Amino acid sequence: MKRFLNGILTLLKEIGDENAYQRHLHAHNLEHSPEEWRRFADERMRGKYARAKCC
Amino acid sequence: MKIVWKLVWMAVAFLAALSLAKIATERGEPVNSIWLVLAAAGTYAIGFRFYARFIAAKVMALDDQRATPAERLRNGHDFEPTNKWIVFGHHFAAIAGPGPLVGPTLAAQFGYLPGTLWIILGAVLGGAVQDFVILFCSMRRDGKSLGQMAREEIGKVGGVTALLTVLLIMIILLAVIALVVVNALKDSPWGTFTIAATMPIAVFMGLYLRYWRPGKVLECSVIGFLLVLASIFGGQWVAHSATFAPMFTLTGVTLAIAIIIYGVLASALPVWLLLAPRDYLSTFVKLGVVILLAVGILFVRPDLQLPPITKFVDGTGPIFAGKIFPFCFITIACGAISGFHALISSGTTPKMIAREWHAWPIGYGSMALESFVAIMALIAACALEPGVFFAVNSPAGAVGATPDAAVATISSWGYPVNTAQMESLAADVGERSLFYRTGGAPSLALGMAHIFASTGGGRAILGFWYHFAIMFEALFILTIIDAGTRVGRFMLQDLLGHVYEPLGRTSWMPSVILTSAAIVLAWGYFLYQGVIDPLGGINSLWPLFGIANQLLASIALCVATTILIKMHRARYMWITVGPLIWLLIVTFTASYQKIFSDQPRIGFLAQAEQLEAALASGKVAAAQVAATNTQIFNARLDAVLCAIFVVLVTLILVDSVRIWAGVLRGVRDARLNETPFVPTQLRAEEI
């Protein structure tokens, strides 16, 4: 059950880009900061919203 | 396979076959919805385990030793090897839109049987295969898009045609889903207030995420969700307020103008302020509601009130005109086979897959799940009494301009309903009237509300659930409108950049404003056209969208077949050629009928001629002459657009067949644009 709930939480964090942000911090050896989140979010959204959303 | 598993699969197959037989042969008695659930789930399971596995192993020869783009191009952003169930959820959330909810609801006018069979078989043999094969093709090409693959594997004509087709489809898609929202909110102060409130809530969430609690997406979404729930209760108060109710009671035209203005603003505002926070919220709500609906249906197990087949299979249906063939297969696109999915399967998903075999559950399984959502929407719609279903979904032009005339017409079809019953239902859900609420969303919301309320609370909370369902549908439709307008703008800039270079720059403000306005005006025009259409707009626009979407699927299947042939898998090309031939027959027949049918309710040209004749004979009142001229122009415009779709797809088809013939005869190079094999270095614990 705990594993299942963890899986759900991970999925929600993936959809919410929180996991991607953690990977970004880890890959570039960075610390979380408001400026870093804004930089990350801008770049991610640029790519994300250049693609069609499904009907 | 062990004997135990053989027995299990035989039992699943038997149960699915029994359920299909039950729903196909039952006459007279209402069928319980659990049979649909069992038929669908069993068929998906068999399709997934045997057909999809055969495609994975024999046709595509998936190889877990081969490094995927997620591993080779890992950058921590788009390219990242991810757990397969996470990618599954992500992909499902991306492909599931309003289509599988609205299409089956509209197609229920033929009864529950045609839609059910098409949704199940279409997905197992067509839609899921398309999604799976395109996902595989993109995964073997560094996550390239459908357009890029069309250009590389078929040729330049294919690439440009695919881009143009997607742009045109998007314009029709945005118009038709905006029309669904307009029809759901027309004269509904409760619904209009709730949806209007989601905008400041999204802006609040945007600011919260940007400045107050950067990076806390889940936390922010929970707050946003609670605020949206509060706005539903607020909407109830507004609807009963003598001061505020009139402010939020809007006509279809006013709502259309509001959505058009909103489209321009949303396209120009920074993404983080409105689009992104609402996208997060709508995705979470979407997943939650899908799970809630599944649990509700399993708990309540409603009987289907609509008959298996209605008299409207002859083409005289009030919701949209046209016979069961081809229009049932056009009306239900998403849920059975949707070309738009090919854009997602060649978008983010192939960049996240860690092992090639993960594409099996992600590509095929996600589509099967979406198809299941379509079945649930069909159940929700068919659980309504037929008289109520038709009263809500039929336009005044088809059933009569007054409620008394409408109930008399609908009752004469053998689906009894009366005005007192409709008034009582409207009062229960907090609406002034439920007549002429075309578009599918209100009847779906009504069906969902009945299911949710039956789990506890009863009639007392029917209004809350109805508006919750309307909010849920409108929330992600508006997100699609925001994102679609933006993507349409990028595509248009891409095309215009070849004419004048600065127009192609996404950072050049004059180009941004010009192209945003062009895209919004394009879909806004079709939206306005739908709102003023006496037949409710859905009759013209939804089939046009269905045709366009299925034609996009045809393009995807052309690309997939080309790649299979180049992979020397021609003996298996039937897996994509089969659905392709079916789609071409359906879409070309539907297009021909929509353009040339001599029945004005079906054929655009016949409709224009009928209106012209009425004008010429002086039957049109002076005040209506301008509107009639607009309708004549719109009917011809729809005919031209439909013809353009067919020409574009014919171009790609001819180009593809030329390549297939060349490769099969050995006179053309079968060079694949696949990335070379690189062995994986990923350890099991990394995924």
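Caption draft 1: Spotlight on the overall build of chain A. The secondary structure content of chain A amounts to 3 helices and 0 strands. Scaling as 2.2 N^0.38, a compact globule of 55 residues should have a C-alpha radius of gyration of about 10 Å, whereas chain A reaches 14 Å, well beyond that. Expressed along its principal axes, the backbone C-alpha trace of chain A runs to roughly 35 × 35 × 15 Å. Each of the 55 residues in chain A was classed as buried or not, and the buried ones make up 31%.

Caption draft 2: Just the overall build of chain B, in detail. For chain B, the helix and strand inventory stands at 27 helices and 0 strands. Taking 2.2 N^0.38 as the reference for a compact globule, 687 residues should give roughly 26 Å; the C-alpha atoms of chain B span a radius of gyration of 25 Å, in line with that estimate. Based on the C-alpha atoms only, the size of chain B along its principal axes is roughly 70 × 65 × 60 Å. For chain B, with 687 residues in total, the buried portion stands at 57%.

Caption draft 3: Representation of the packing of helix α24 (residues 538-566) of chain B against helix α27 (residues 625-665) of chain B in the model. All names here are of chain B. Their axes nearest at 10 Å, the elements α24 and α27 cross at an angle of 10 degrees. What the angle tells us is that α24 and α27 run roughly parallel. Here α24 contributes Ser540, Leu544, Ile547, Ala548, Leu551, Ser554, Ile555, Cys558, Thr561, Thr562, Ile565 and Lys566 to the contact with α27, which in turn contributes Asp638, Leu641, Cys642, Phe645, Val649, Ile652, Leu653, Ser656, Ile659, Trp660, Val663 and Leu664. Across the contact of α24 with α27, the residue classes tally to 17 nonpolar, 5 polar and 2 charged.

Caption draft 4: Local environment of the interface of chain A and chain B. Facing 30 residues of chain A, the contacting portion of chain B comprises 45 residues. Counting only elements with at least two residues in the side of chain A that touches chain B, the list comes to α1 (2-15), α2 (18-27) and α3 (34-48) of chain A. Within the side of chain A that touches chain B, the residues separate by chemical class into 15 nonpolar, 6 polar and 9 charged.

Caption draft 5: Geometry of unusual backbone geometry. All names here are of chain B. Omega for the peptide link from Phe325 to Pro326 comes to 5 degrees, which places this bond in the cis form. For Asp142, which is not glycine, the phi dihedral falls at a positive 60 degrees. C-beta crowding within 10 Å serves as the criterion here: with 17 such atoms nearby, Asp142 is assigned to the partly exposed category.

Caption draft 6: The nonpolar core, seen in detail. Formed by 241 residues in total, the largest nonpolar core has its most connected members in Ile172, Ala175, Ala178, Val181, Ala391 and Ala449 of chain B. Once you skip the residues sitting within four places of it in the chain, Ala449 of chain B turns out to touch Val429, Leu462, Trp465, Tyr466 and Ala469 of chain B. Judged by nonpolar contacts, the second largest core, of 5 residues, contains Ala20, Trp37, Phe40 and Ala41 of chain A.

Caption draft 7: Examining helix α4 (residues 84-95) of chain B more closely. Along its 12 residues, α4 of chain B runs 16 Å from first to last C-alpha, staying within 8% of the 16 Å computed at 1.5 Å per residue. Counting buried positions over the 12 residues of α4 of chain B gives 11, a clear majority of the element. What α4 of chain B keeps buried is the set Lys84, Ile86, Val87, Phe88, Gly89, His90, His91, Phe92, Ala93, Ala94 and Ile95 of chain B. Looking at the buried side of α4 of chain B, the elements it contacts are α1 of chain A together with α13 (275-300), α15 (340-345) and α16 (359-382) of chain B.

Caption draft 8: Up close: the environment of Ala50 of chain A. Secondary-structure assignment places Ala50 of chain A in the segment after α3. With 15 C-beta atoms counted inside 10 Å, the residue Ala50 of chain A sits in the partly exposed group. Ignoring sequence-local partners within four residues, the contact set of Ala50 of chain A consists of Val487 and Phe490 of chain B.

Caption draft 9: Spatial organisation of helix α7 (residues 146-153) of chain B. Residues and elements named next belong to chain B. Of all 8 residues that make up α7, 6 are buried, and the element is covered over most of its length. For α7, the set of buried residues is Leu146, Gly147, Met149, Ala150, Arg151 and Glu153. Where α7 is buried, its residues meet α6 (112-139), α8 (156-185), α15 and α24. At the C-terminal side of α7, Gly155 shows a positive phi close to 145 degrees.

Caption draft 10: Geometry of the environment of Asp494 of chain B. Position of Asp494 of chain B among the secondary structure elements: in helix α22 (residues 462-496). Through-space distance from the C-alpha of Asp494 of chain B to that of Leu163 of chain B is 9.6 Å; in sequence the pair is 331 residues apart.

Caption draft 11: Local environment of the packing of α8 of chain B against α24 of chain B. Residue and element names in this part refer to chain B. Orientation of α8 relative to α24, taken along the N-to-C sense of each, is 150 degrees, at an axis distance of 9 Å. Classified by the angle their axes make, α8 and α24 are roughly antiparallel. The element α8 and its partner α24 pack so that their crossing is left-handed. Note on element contacts: α24 touches α8 through Ile538, Leu541, Trp542, Leu544, Phe545, Ala548, Asn549, Leu551, Leu552 and Ile555, opposite Ala162, Thr165, Val166, Leu168, Ile169, Ile172, Leu173, Ala175, Val176 and Leu179.

The rules we used
Residues numbered from 1 in each chain as written. Chains lettered and ligands numbered in written order. Predicted model: local features only at pLDDT ≥ 70, side-chain atom pairs only at ≥ 80, totals over all residues. Helix = DSSP H or I, 4+ residues; strand = E, 2+ residues; numbered from the N terminus. Rg over C-alpha atoms; globule rule 2.2 N^0.38 Å. Buried ≥ 20, exposed ≤ 12 C-beta atoms within 10 Å, placed from the backbone. Axes fitted to C-alpha atoms, helices over the stretch in contact; angles between N-to-C directions. Parallel < 35°, antiparallel > 145°, perpendicular 65-115°, else oblique. Contact = placed C-beta atoms within 7 Å. Nonpolar A, V, L, I, M, F, W, Y, C, P; charged D, E, K, R; others polar. Core = buried A, V, L, I, M, F, W, Y, C linked by C-beta atoms within 7 Å. Expected span 1.5 Å × (residues − 1). Left-handed = near helix turned anticlockwise from the far one by under 90°.

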